[in-house]
Amino acid sequence: MWPRKRFDIRLTDIATGIFYCLKPFPAAQARERLEKFWAPDGDGLAFLSVRSGFDALWEALGLPEGSEVLITAVNIPHMAEIIRFHRLVPVPVDLDLERMAPLEDLLPKLQSEKTRAIVVAHLFGGQVRMEPILRWAKENGLLVIEDCAQAYSGLHYRGHPEADVSMFSFGSIKTATALGGALFRIRNPQLAARMRAVEERWPVQSRLKYLQRLLKYAWFSVVCRPVPFALFVSTCRLMGYDYDQIIHSAVRGFPGSDWREKIRHRACAPLLLLLLRRLKRYDMARLAQRAAKGEMLLDLLSQHVFCPGAKAENRTHWVFPILVDDPVAVTSRLQQAGFDAARTHSLTVIEAPPNHPASPPLAESKRLLQQLVCLPIYPEIPDRAIRRMANVVLEAYRPTPLFIPKTHPIG
Ligand SMILES: *Cc1c(COP(=O)(O)O)cnc(C)c1O
């Protein structure tokens, strides 16, 4: 069975991480090396996670209570919660699903005199064209923050140079993962200095915890090969466990209700050193291969099935989403055929604030999450398996003859 996801890390990287855990090294020095490599111009900051840096950002900005933050309506739940925790109001912006970009028309409608910033997420491994959003935001004096957690595509791309803040995640399910860690680019040096000062008050992450994490993923990376994975799935089924839930909860970065405390840590030296190694040695050919496989699948499917992000820019296919009327049936057909397609994901539609004058229905974002199925895509899946997967989808999907593709009101 082709597992839904291949962790984008090799056993040799994990072994090196374990070695770093056993070797004493000052965290401050490791951080300096990493930040210099990531951002030779000095505009980079490393954090334990995107959520950690995002938390430090709002703390450092110190915006007046009740300030509004426009945000792409779909993200992981913690991102909106972090904004709310700082007594600010996230205002979700619905998506154009073809480009996986905020609907630009909505921006002026959702803006109020309290609006201070906009957070744009580049979802599923593609990129949003930032120019129109940047232009509008700059005219209106808003801070522009890019969430590039799903969009790492090599050192040549550190976010849009005009964005105020760009954030990349190296959490366990992300591209070029170091099983944690995040890199930010911050345009304003004073803001960067204030964020660093916030972070310096936090304790350093325990090396032992990080070591445990490395060991856990060493095991996962063995299980997530087709044969052991099939065994794992059938064992779970025999014992009556929902393997979907097991995987989903096992890979969560900060489980539990005390996640807010957990994100407020500095990364330990072994994590920072492993992240540096990942950046230096990352196999760009692998990424290009994944992107090419994704494009092949897109060619096979996009005429028949709605593929969100099909018109996003620089698609790297971190995941391959499709929208279908009956996601349960399509997922189970794919699983029977040996493809571990998944309906579980960590995304949510951010709730609009009550009494907001332009409270949007968020119809597109809701449709995305209701109809979403994620197909496995990574370099190890041979082309013939991809063609077979496409056929299974097309057979299972069977659109009614009256099916009219939904068009999206842009402009
Ligand atoms: C993974 C992810 C994050 C969080 O990244 P961490 O480094 O795990 O905190 C934020 N936004 C999006 C869109 C993500 O996919």
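Report on the accompanying structure. Note that the coordinates shown come from a computational prediction; the quantities given were computed from them, not determined experimentally. (Residues numbered from 1 in each chain as written. Predicted model: local features only at pLDDT ≥ 70, side-chain atom pairs only at ≥ 80, totals over all residues. Heavy atoms only, no water.)

As a further point, take helix α12 (residues 269-281). With 13 residues, α12 should reach 18 Å at 1.5 Å per residue; the first-to-last C-alpha distance of 18 Å fits that figure. When you tally the buried positions in α12, you get 11 out of 13 residues, the bulk of the element. Listing the buried residues of α12 in full gives Ala269, Pro270, Leu271, Leu272, Leu273, Leu274, Leu275, Leu276, Arg277, Arg278 and Leu279. (Helix = DSSP H or I, 4+ residues; strand = E, 2+ residues; numbered from the N terminus. Expected span 1.5 Å × (residues − 1). Buried < 20%, exposed > 50% of the residue type's maximum accessible area, 1.4 Å probe, protein only.)

Here the focus is a nonpolar patch on the surface. A surface patch of nonpolar side chains, amounting to about 470 Å² of accessible area, comprises Leu238, Met239, Tyr241 and Ile246. If you trace the backbone, Met239 turns up in the loop between α9 (226-238) and α10 (243-250). (Patch = residues over 30% accessible without salt bridge, like charges linked within 9 Å, V, L, I, M, F, W, Y side chains within 5 Å. Areas by Shrake-Rupley, 256 points an atom, 1.4 Å probe, with all protein chains shown as cover. Salt bridge = Lys/Arg side-chain N within 4 Å of Asp/Glu carboxyl O.)

The strand order across the open sheet built from 7 strands is β1-β10-β9-β8-β7-β2-β4, with neighbouring strands paired in mixed fashion. This sheet does not close on itself; its edge strands, each paired only once, are β1 (44-47) and β4 (89-93). Neighbouring strand axes in the sheet, compared pairwise and without regard to direction, differ in orientation by 20° on average. Where strand β2 (residues 68-72) and strand β7 (residues 115-121) come together, 4 bridges link them in parallel fashion. Opposite Leu70, over in β7, you have Ile118 as the bridge partner. (Pairing = 2+ DSSP bridges. Axes fitted to C-alpha atoms, helices over the stretch in contact; angles between N-to-C directions.)

Further remarks concern the pairing of β1. Here β1 shows two buried faces, one formed by Gly44 and Ala46 and the other by Leu45 and Phe47. Relative to strand β10 (residues 182-186), β1 is paired through 4 bridges, and the arrangement is antiparallel. Across the sheet, residue Leu45 finds its bridge partner in β10, namely Phe184.

Take helix α3 (residues 50-61) next. For α3, with 12 residues, the first-to-last C-alpha span of 16 Å sits near the 16 Å given by 1.5 Å per residue. The element α3 is extensively covered by neighbouring structure, given that 10 of its 12 residues are classed as buried. For α3, the full list of buried residues reads Val50, Arg51, Ser52, Gly53, Phe54, Asp55, Ala56, Leu57, Trp58 and Ala60. Regarding α3, its N-cap is Ser49, as a side-chain oxygen of that residue lies 3.3 Å from the backbone nitrogen of Arg51 further along. After α3 finishes, the residue Gly62 shows a positive phi value of roughly 55°. (Polar contact = N/O pair within 3.5 Å; in protein donor to acceptor, adjacent residues only side chain to side chain.)

Running from N to C, α9 and α10 cross one another at 115°; their axes reach a closest spacing of 9 Å. In contact with Phe229, Phe232, Val233, Cys236 and Arg237 of α9, α10 contributes Tyr243, Ile246 and Ile247. Its residues assigned to classes, the contact of α9 with α10 comprises 7 nonpolar, no polar and 1 charged. (Contact = heavy atoms within 4.5 Å. Nonpolar A, V, L, I, M, F, W, Y, C, P; charged D, E, K, R; others polar.)

So, about the pattern of salt bridges. Enumeration over the complete set of coordinates arrives at 24 salt bridges. Arg99 is paired through a salt bridge with Asp96; the nearest N and O atoms lie 2.6 Å apart. Judged by relative accessible area, which is 0%, Asp96 ranks as buried.

In total, this model carries 13 aromatic pairs according to the counting rule given. Judged by centre distance (6.1 Å) and plane angle (90°), the ring pair of Tyr152 and Phe168 falls under edge-to-face. Of this pair, Tyr152 sits in the loop between β8 (143-147) and β9 (165-169) while Phe168 sits in strand β9; the two residues are 16 residues apart in sequence, bridging distant segments of the chain. Ring geometry for Tyr157 versus Phe168: centroids 5.7 Å apart, planes at 85°, classification edge-to-face. In this pair, Tyr157 is assigned in the loop between β8 and β9 and Phe168 in strand β9, connecting sequence segments 11 residues apart. Taking the relative accessible area as the measure of exposure, Tyr157 reaches 11% and is therefore buried. (Phe/Tyr/Trp six-rings, centres within 6.5 Å; stacked < 30°, edge-to-face > 60°.)

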